[in-house]
Amino acid sequence: MAERPEDLNLPNAVITRIIKEALPDGVNVSKEARRAISQAASVFVLYATSCANNFAMKAKRKTLNAADVLAAMEEMEFERFLEPLREALEVYKKGKKEVSEQKRKEKEKKETDNDKNREEEDDEERMEEEPEAENDAELEEVEN
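Numbers given to residues run from 1 along each chain, matching the order in which its sequence is written. Totals for whole chains, interfaces and linings use all residues, but because this is a predicted model, local features are given only for residues with pLDDT of at least 70 and pairs of side-chain atoms are given and counted only at 80 or more. Excluded from the side-chain calculation are hydrogens and water; included are all heavy atoms of the structure.

Once that is clear, we can look at the layout of surface pockets. In this structure, the largest pocket encloses a volume near 190 Å³. Using a grid of 1 Å spacing that covers the protein atoms alone, one calls a set of points a cavity when a 1.4 Å probe fits there but cannot get out, and a pocket when the set is open and has protein on both sides within 12 Å along at least five of seven lines; lining residues are those with an atom within 4 Å of a point. Contributing to the lining of the largest pocket are Asn9, Leu10, Pro11, Asn12, Ile15, Thr16, Lys31, Arg34, Arg35 and Ser38. Here the element with the most residues in the lining of the largest pocket is helix H2 (residues 31–58); it accounts for four residues. In terms of residue class, the lining of the largest pocket is built from three nonpolar, four polar and three charged. Grid points are joined across faces, edges and corners, and a volume is the space filled by probe spheres set on the points. In this text, helices come from DSSP runs of H or I with a minimum length of four residues, and strands from runs of E with a minimum of two, each type numbered from the N-terminal end. Side-chain classes are defined by residue name, with Ala, Val, Leu, Ile, Met, Phe, Trp, Tyr, Cys and Pro counting as nonpolar, Asp, Glu, Lys and Arg as charged, and the others, Gly among them, as polar.

Here you go:
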């Protein structure tokens, strides 16, 4: 856990970006208001996490999952955010799956390229060995 309450606050840059995205252009927000929003956001995160943890504990799990968070949002009476959260979760899962698939394809391509490089190196080694073998055969003939 954090030792000081200030350690629990979200970074100011994140808060400022969220505020700017939420408000129309030309609206200014005082430093005091940004700090209040930051503290409120931190309290909300702590409360939502605590509620989600209760659902995980009831299920005898130590790991919070998305279902726990969704249940916590409902318990906290934030039902109107459930559908946007579900949609965002689906987008996240889809993006994660695409990244995973892309990494798998890159790994397969790399392995294929490595196999081709090994084959080329083997071919080069064989070509280098063949003239030596011919030279050895010629030397034996000359010696005889």
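Fitting a line to C-alpha atoms yields each axis, with helices limited to the stretch in contact; the angle taken between N-to-C directions then spans 0 to 180 degrees. Where H2 meets helix H3 (residues 66–75), the axes come as close as 8 Å, and the angle between the chain directions of the two elements is 115°. Accordingly, the angle class assigned to the pair H2 and H3 is roughly perpendicular. Seen along the crossing, H2 lies across H3 with a hand that is right-handed. The segment H2 lies against H3, with Phe44, Ala48, Cys51, Ala52, Phe55 and Ala56 engaging Asp68, Val69, Ala71, Ala72, Met73 and Glu75. These descriptions rest on fixed angle ranges, namely under 35 degrees for roughly parallel, over 145 for roughly antiparallel, 65 to 115 for roughly perpendicular, and the rest for oblique. A clockwise turn of the near helix away from the far one marks a right-handed crossing, whereas an anticlockwise turn of less than a right angle marks a left-handed crossing. Two residues qualify as a contact provided that any one of their heavy atoms is within 4.5 Å of a heavy atom in the partner residue.

With that settled, consider the packing of helix H1 (residues 12–22) against H2. Contact geometry of H1 with H2 gives a least axis separation of 10 Å together with a crossing angle of 105°. When the axes of H1 and H2 are compared, the pair comes out roughly perpendicular. Across the interface between the two elements, Ile15, Thr16 and Ile19 from H1 touch Arg34, Ile37, Ser38 and Ala41 from H2. Taken together, the residues that form the contact of H1 with H2 break down as four nonpolar, two polar and one charged.

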